[in-house]
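Tertiary structure, described
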Protein chains: 2
Amino acid sequence: MNLIVQKFGGTSVKDAQRIQNVAQIVTDTYQQGNNVVVVVSAQGDTTDDLIAKAKEINPKASKREMDVLLSTGEQISMSLLAMAIEKMGYPVVSLTGWQAGMLTDSTYGSARLRRLNKERVDVELDKRNIVVVAGFQGINRYDDITTLGRGGSDTSAVALAAALHADLCQIYTDVDGVYTADPRLVPNAHKLSEITYDEMLELASLGAGVLHNRSVEMAKKYHVNLEVLSSYTKNPGTKVKEVVKEVEKMLIRGVTRDNDVARISIMGVPDQPGIAFKIFSHLASKKVNVDLILQSIGRDNTKDISFTVSRSHKQISLEVMEELNEQLSGSGIVCDDNVSKVSIVGAGMQTNPGVASKMFEALAEAGINIQMISTSEIKISVLVALEDSDRAVKSIHEAFDL
Amino acid sequence: MNLIVQKFGGTSVKDAQRIQNVAQIVTDTYQQGNNVVVVVSAQGDTTDDLIAKAKEINPKASKREMDVLLSTGEQISMSLLAMAIEKMGYPVVSLTGWQAGMLTDSTYGSARLRRLNKERVDVELDKRNIVVVAGFQGINRYDDITTLGRGGSDTSAVALAAALHADLCQIYTDVDGVYTADPRLVPNAHKLSEITYDEMLELASLGAGVLHNRSVEMAKKYHVNLEVLSSYTKNPGTKVKEVVKEVEKMLIRGVTRDNDVARISIMGVPDQPGIAFKIFSHLASKKVNVDLILQSIGRDNTKDISFTVSRSHKQISLEVMEELNEQLSGSGIVCDDNVSKVSIVGAGMQTNPGVASKMFEALAEAGINIQMISTSEIKISVLVALEDSDRAVKSIHEAFDL
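Because the structure is predicted, anything quoted here is derived from the model rather than measured.

1. Observations concerning the UniProt feature "binding site: substrate" (unreviewed entry) in chain A
Residues and elements named next belong to chain A. The UniProt record annotates "binding site: substrate" (unreviewed entry) at Thr47 and Glu74. These annotated residues cover 28 residues of sequence, and their C-alpha atoms lie no more than 9.1 Å from one another, placing them together at a single site. Within the secondary structure, Thr47 sits in helix α2 (residues 46–57). Excluding residues within four positions of it along the chain, Thr47 makes contact with Ala42 and Leu70. By the element assignment, Glu74 lies in helix α3 (residues 63–87). Setting aside residues no more than four positions away along its own chain, Glu74 makes contact with Val40, Ser41, Ala42, Ala134, Gly135, Phe136 and Gln137.

Following this line, the structure appears as structure tokens:
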């Protein structure tokens, strides 16, 4: 008997009909002789509705109370799904985050899982119950409710799969797998049947929007076999695992773009040791995640430093930089959020020196200017103007013949 | 420093404006130097909306899952109220039933409180936090969520007041106290400033609709000082306590009526010992609560037995009685739910023999036929035709010059 963890997102449980569809998938899996743990997100617009309610009363509500409020969303969808499964005649029990032993730190709004106390879930599985667990939520050591922030339900699912030593963790979404590029952008993009954790990590962090990074990192760490698939079709999805077997080794795995980017530059700061440290430690102290970094070669004893952040961090970053510009007698701050980060990912490029030049060539031929470049072992990212973003993805996809 | 428990019902927190109004009442009380624990129900129609969602998916959902679903209603209103209090600049924390230590038995849907673990609430009060607690809900010994059923939030409030040895438990509703009769029915009914637990108990069980019996019983048992008052006005309410001081001892406290009544009679059963036991033990085994009972004087070795039940128990009662009618060779079942129970309540009547006759006189003068009569030490109830119900209340109110 296998143990399978299945996670369904908000659109997959948005109304009674979709919930019944999920109940069908779950009970089919159970019927085949598997133990099943199901993780659900809040229904479609529930979270937005709850946020609107809170905003009307107090736009600056504490994160603790927001978490109390928002965690009701998954509690509603998990009980409704359990009722749908009951109706089909299967034994089922729904559990909130605290009931399922999801123990987190105290960072309300974006808590991290610390430990999973799997006792209760084990008891229910021993009774051959289908176990429906609220995603996205847990409790801290004060017994206060916390939420896990973006991608939280994926993380809940992978954590449960890891703790329970599940044979497979299936992430059901509204796309049926991981593609070589966004199919809405590149019509001839095709679905990958397998991908490695590292490739998925790069794709997720680059805005592929299928799986959140935290969940992939956790899956890699605990060797959880992941599968991304659609709750709308019966098509096989994309498997995410340690090592991918394939007949023809593809050079690159996919092209992605991320528009949630702002570029900030501080100009004319002294070209001396410790400057970069000063800048990025200040940003880190404000919890700003910096992505690409580019430092100009020194000239006249000064240099320029540019970096990118997500748009939600733009304002705080600018405040930090204005302050530093004064302290360091820089010549000013430049900011641009009409930019997009376009990347290619693939374990194959490690051993193939021509990849970067092929990418740059494709962009040059399309007349697209590259503002910044960043490379890792299995990824190359470039920053381009927002208006060039779509064309960049298409021309690269074509150049690599994906 | 006094400790005051305040309970607000669904209409008192139905929207953002009403929640802000409640926050004002709560913080005013805190501002006066009191510790405050607030118990809230779900917002206005939330519970009905959740029930509709469940019905769409599974009209026969288990009570366990219904409780998981319904308990989100209070979790939403408690966090919103906490946010409103935060906005006014006061320290506050919201707690669900399990966080507040409300331990119940396992009767999902109508659980009874077994114990209150007040540790967490005490910790928060020591920090001088206003503590907002979800009414109506708790957990059983399996850590499963339960709800307390009708009047549950009142019971939560009284239980907290008892466990915390609160100086006062204020129940805020949409009426501003307990009246000598329903003011919509009897325009010159007046508000009572004080009433005893026993009188309140009789009134509550007779359909006065202000406080649920369970909460009054608990208040009496643990000597909790109750006050019923309105969240819409600043008028003083009605105090419910052990002994009422008053200048003029009123003979009766109020007139009430209850239309949720069905009368059932079994005719021509043998006039021999054990028949009544047989009938009412059968009904009890089906969890039917019988209210008034009337047994005719035997004639021709047979007798008739009549009793009243709430309308929701009519069907099951009829089934039980049809079966017994066959077993006992009775001559048939008669049922009438066009009836109403009209009652007068008052500790004063114990020592005053003329009360019953005065009531019957008033009804006779109004030409109203009495179908059944039941009396207790502080209450007299009569069953009349539904169409006579309003006139009965008015004529009795007038006769006693309330």
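Having seen the model, we can carry on.
2. Structural notes on the relation of the copies chain B and chain A
Overlaying chain B with chain A gives an RMSD of 0.3 Å, the required rotation being 179° about an axis along which the chain moves by 0.1 Å. Given the turn and translation reported, the copies of this chain are related as if by a two-fold rotation axis. Proximity to the rotation axis, assessed at the C-alpha, singles out Thr72 of chain B in chain B; its C-alpha lies 2.6 Å from the axis. The overlap is high: 100% of the interface residues of chain B also sit at the interface in chain A, so the same surface is used on both sides.

3. Some points on the packing of aromatic side chains
All names here are of chain A. Using the criterion set out here, one finds seven aromatic pairs over all chains in the structure. Summarising the aromatic geometry, the rings of Tyr30 and Tyr90 are spaced 5.7 Å apart at their centres and angled 85° between planes, so their arrangement reads as edge-to-face. Note that Tyr30 is positioned in helix α1 (residues 16–31) and Tyr90 in the loop between α3 and β3 (92–95), a separation of 60 residues in sequence. Stacked on the ring of Tyr232, the Lys or Arg Arg18 has its end atom at 3.6 Å from the ring centre.

4. A closer look at the side chain of Arg214 of chain A
All names here are of chain A. Relative to the helices and strands, Arg214 is located in helix α7 (residues 213–221). Here Arg214 sits buried without a salt bridge, and the closest side chain of opposite charge, Glu217, lies 6.9 Å off (N-O distance). Reaching out from Arg214, the side chain makes a polar contact with the backbone oxygen of Ala111 at a distance of 3.0 Å. Beyond its immediate sequence surroundings of up to four residues, Arg214 is in contact with Ala111, Arg112, Leu148, Arg150 and Thr155.

5. Quick look at the interface of chain B and chain A
Between chain B and chain A, the contact holds 43 residues from the first and 43 residues from the second. The junction of chain B with chain A conceals about 3400 Å² of combined surface from both sides, 59% of it contributed by carbon and sulfur atoms. Of all residues in chain B, Ile57, Met83 and Trp98 of chain B give up the largest surface area on contact with chain A, accounting jointly for 21% of the area buried on that side. Seen at the junction of chain B and chain A, the total is two salt bridges.

6. Observations concerning empty space enclosed by the protein
All names here are of chain A. Here the structure, examined in full by the defined rule, presents one cavity of 30 Å³ or more. The element contributing the most residues to the lining of the largest cavity is strand β7 (residues 137–139), with three residues. Classifying every residue of the lining of the largest cavity gives five nonpolar, nine polar and no charged.

7. Things to note about the packing of helix α2 (residues 46–57) of chain B against helix α3 (residues 63–87) of chain B
Residue and element names in this part refer to chain B. The N-to-C vectors of α2 and α3 enclose an angle of 150°; their axes lie 9 Å apart at closest approach. Regarding the angle of α2 to α3, the classification is roughly antiparallel. Of the two possible hands of crossing, α2 and α3 adopt the one that is right-handed. For the pair formed by α2 and α3, the contact residues are Thr46, Thr47, Leu50, Ile51 and Ala54 on the first element and Met66, Leu69, Leu70, Thr72 and Gly73 on the second. In the contact of α2 with α3, the residues fall into six nonpolar, four polar and no charged.

8. Quick notes on unusual backbone geometry
All names here are of chain B. With phi around 55°, His165 is a residue other than glycine that occupies positive phi space. Its place among the elements puts His165 in the loop between α5 (152–163) and β9 (168–173). Phi at His223 takes a positive value of approximately 55°, unusual for a residue other than glycine. One can find His223 in the loop between α7 (213–221) and β11 (226–230). A residue is classified by how much of its surface remains accessible, and His223, at 58% relative accessible area, is exposed.

9. Things to note about the side chain of Asn34 of chain B
All names here are of chain B. Turning to its location among the elements, Asn34 is positioned in the loop between α1 (16–31) and β2 (35–40). Exposure remark for Asn34: the relative accessible area of 10% places this residue in the buried category. Among all residues touching Asn34, those that are not within four sequence positions of it are Met1, Asn2, Ile4, Thr29 and Arg128.

So, how was this worked out
In every chain, residue numbers begin from 1 and rise along the written sequence. Just so you know, chain letters begin at A and ligand numbers begin at 1, following the order they were written in. Where totals are concerned, whole chains, interfaces and linings use all residues; where local detail is concerned, this predicted model gives features only for residues with pLDDT of at least 70, and gives and counts side-chain atom pairs only at 80 or more. Excluded from the side-chain calculations are hydrogens and water; all other atoms, namely the structure's heavy atoms, are used. UniProt positions are given in the numbering used here, feature names are shortened, and annotations may be inferred rather than shown by experiment. Counting from the N terminus, the helices are DSSP H or I runs at least four residues long and the strands are E runs at least two residues long. A contact between two residues is defined here by any heavy atoms of the two lying within 4.5 Å. The copies were overlaid by least squares, fitting only the C-alpha atoms of residues that reach a pLDDT of 70 or more in each copy. Classification of ring pairs uses Phe, Tyr and Trp, with its six-membered ring standing for Trp, and accepts pairs whose centres are within 6.5 Å; under 30 degrees between planes counts as stacked, over 60 as edge-to-face, and the remaining range as tilted. For a lysine, the NZ atom is tested; for an arginine, the CZ atom; a charge sits over a ring if that atom is within 6 Å of the ring centre and within 35 degrees of the ring normal. Only protein chains enter the calculation, and the probe is 1.4 Å; a residue is then buried if its accessible area is under 20% of its type maximum, exposed if over 50%, and partly exposed in between. Neither His nor the chain ends contribute to the count of charged residues, in which Lys and Arg are positive and Asp and Glu negative. The salt bridge criterion pairs a side-chain nitrogen of Lys or Arg with a carboxyl oxygen of Asp or Glu, the two atoms within 4 Å. Think of a polar contact as two N or O atoms within 3.5 Å of one another; within protein, one of them needs to be a possible hydrogen donor and the other a possible acceptor, and neighboring residues in sequence only count if both atoms come from side chains. Put simply, buried area is how much 1.4 Å-probe accessible surface two parts lose in total, over both of them, once they are put together. Within this scheme a cavity is a closed region of a 1 Å grid, computed over the protein atoms alone, that accommodates a 1.4 Å probe without allowing it to escape, whereas a pocket is open but has protein on both sides within 12 Å along at least five of seven lines; lining residues each have an atom within 4 Å of a point. Grid points are joined across faces, edges and corners, and a volume is the space filled by probe spheres set on the points. Only Asp, Glu, Lys and Arg are considered charged in this grouping, and only Ala, Val, Leu, Ile, Met, Phe, Trp, Tyr, Cys and Pro are considered nonpolar; every other residue, Gly among them, is considered polar. Structural elements are reduced to axes, namely lines fitted to C-alpha atoms, with helices fitted over the stretch in contact, and the angle between N-to-C directions of any two is expressed from 0 to 180 degrees. Small angles under 35 degrees read as roughly parallel and large ones over 145 as roughly antiparallel, with 65 to 115 read as roughly perpendicular and the rest as oblique. For any pair of crossing helices, the crossing counts as left-handed if the nearer helix is rotated counterclockwise from the farther one by less than a right angle, and right-handed if it is rotated clockwise.

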